[in-house]
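This is what each chain is made of:
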Amino acid sequence: MKWLTILFGVFIILIIVLADTGNLGILQLVNRIPLGDKAGHFTLYGILTLLIDLTYFRSVPAQNHKRIAVVSGLILALLIGLEEFSQQNFSNRTFSLGDLTASYLGVIFFSWLALRIKRKYAKEGVNVS
């Protein structure tokens, strides 16, 4: 799980770098879909959140899972906010409160989902992380 989380994080960083340099290529088609960019922010950052939470749940099983989800979500939200605000420094990017909101909603929803997954399988005695 840890390697999948790392690889997905690198994938998102690659997308950010490509967008910052104006080299998104075929991925730019997402912007033509109504609300496609917002759905991308929600989904990509949400999946990253889910992977991070499940990885940490497994790494420190004795810790409170809600606390892990909140702390990792807050750290990720800070990084997402910094990245979104940094777009003001690139001529082909623009800061968007809508993108930031979609990203934050993805973090919140997928943190909740990670807790639900962990709780459901813990009751059944299955280790999913």
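Below is a short write-up of the structure.

1. Re the layout of surface pockets
The space that makes up the largest pocket amounts to roughly 600 Å³. Lining of the largest pocket is provided by 25 residues; of these, Ala19, Leu24, Asp37, His41 and Arg93 occupy positions nearest its centre. Within the residue set of the lining of the largest pocket, elements represented by two or more residues are helix H1 (2-20), helix H2 (36-59) and helix H3 (65-86). Here the residues of the lining of the largest pocket are counted per class, giving 10 nonpolar, 10 polar and 5 charged. For the second largest pocket, the calculated volume is near 190 Å³. Around the second largest pocket, the lining residues are Ile52, Tyr56, Arg67, Ile68, Val71, Ser72, Ile75, Leu76 and Leu79. Counting only elements with at least two residues in the lining of the second largest pocket, the list comes to H2 and H3.

2. Some details on H1
With 19 residues, H1 should cover 27 Å at 1.5 Å per step; its first-to-last C-alpha distance of 27 Å lies within 8% of that length. Burial in H1 covers these residues: Thr5, Phe8, Gly9, Ile12, Ile15, Ile16, Ala19 and Asp20. Buried residues of H1 fall within an arc of 135° about the axis and therefore sit on the same side. Away from its buried face, by an angle of more than 90 degrees, H1 presents the exposed residues Trp3 and Leu7.

3. So, the packing of aromatic side chains
A full pass over the atoms with the stated rule returns 6 aromatic pairs. Aromatic side chains Phe109 and Trp112 sit 5.7 Å apart centroid to centroid with 35° between the ring planes, which places their arrangement in the tilted category. Here Trp112 and Phe109 lie together in helix H4 (residues 97-123), a separation of 3 residues that amounts to about one turn. Classification of Phe109 by relative accessible area gives partly exposed; the value is 37%. Each residue in the set Phe42, Phe109, Phe110 and Trp112 is aromatic and connected to the rest through ring pairs, giving one cluster.

4. So, the packing of H1 against H2
Two numbers describe how H1 lies on H2: the axes approach to 9 Å, and their chain directions differ by 155°. Considering their axes alone, H1 and H2 lie roughly antiparallel with respect to each other. The way H1 lies across H2 gives a crossing that is left-handed. Here Lys2, Leu4, Thr5, Phe8, Gly9, Phe11, Ile12, Ile15 and Ile16 of H1 come into contact with H2, specifically with Leu44, Tyr45, Ile47, Leu48, Leu51, Ile52 and Thr55. Here the contact of H1 with H2 is built from residues that sort into 12 nonpolar, 3 polar and 1 charged.

5. So, the side chain of Gln87
Along the chain, Gln87 falls in the loop between H3 and H4. For Gln87, the side chain forms a polar contact with the side chain of Glu83, separated by 3.4 Å. Beyond its immediate sequence surroundings of up to four residues, Gln87 is in contact with Arg93, Thr94 and Phe95.

6. What about H3?
Between its first and last C-alpha, H3 extends 31 Å over 22 residues, near the 32 Å set by a 1.5 Å rise per residue. For H3, the complete set of buried residues consists of Ile68, Ala69, Ser72, Gly73, Leu76, Ala77, Ile80, Gly81, Glu83 and Glu84. Its side-chain oxygen 2.8 Å from the backbone nitrogen of Lys66, Asn64 forms the N-cap of H3.

Each value, and the rule that gives it
- Residues numbered from 1 in each chain as written.
- Predicted model: local features only at pLDDT ≥ 70, side-chain atom pairs only at ≥ 80, totals over all residues.
- Heavy atoms only, no water.
- 1 Å grid on protein atoms, 1.4 Å probe; cavity = no way out; pocket = protein on both sides within 12 Å on 5 of 7 lines; lining within 4 Å.
- Points joined across faces, edges and corners; volume = space filled by probe spheres on them.
- Helix = DSSP H or I, 4+ residues; strand = E, 2+ residues; numbered from the N terminus.
- Nonpolar A, V, L, I, M, F, W, Y, C, P; charged D, E, K, R; others polar.
- Expected span 1.5 Å × (residues − 1).
- Buried < 20%, exposed > 50% of the residue type's maximum accessible area, 1.4 Å probe, protein only.
- Arc of directions from axis to C-beta.
- Phe/Tyr/Trp six-rings, centres within 6.5 Å; stacked < 30°, edge-to-face > 60°.
- Axes fitted to C-alpha atoms, helices over the stretch in contact; angles between N-to-C directions.
- Parallel < 35°, antiparallel > 145°, perpendicular 65-115°, else oblique.
- Left-handed = near helix turned anticlockwise from the far one by under 90°.
- Contact = heavy atoms within 4.5 Å.
- Polar contact = N/O pair within 3.5 Å; in protein donor to acceptor, adjacent residues only side chain to side chain.

Purely geometric stuff here, so don't read any function into it on its own.
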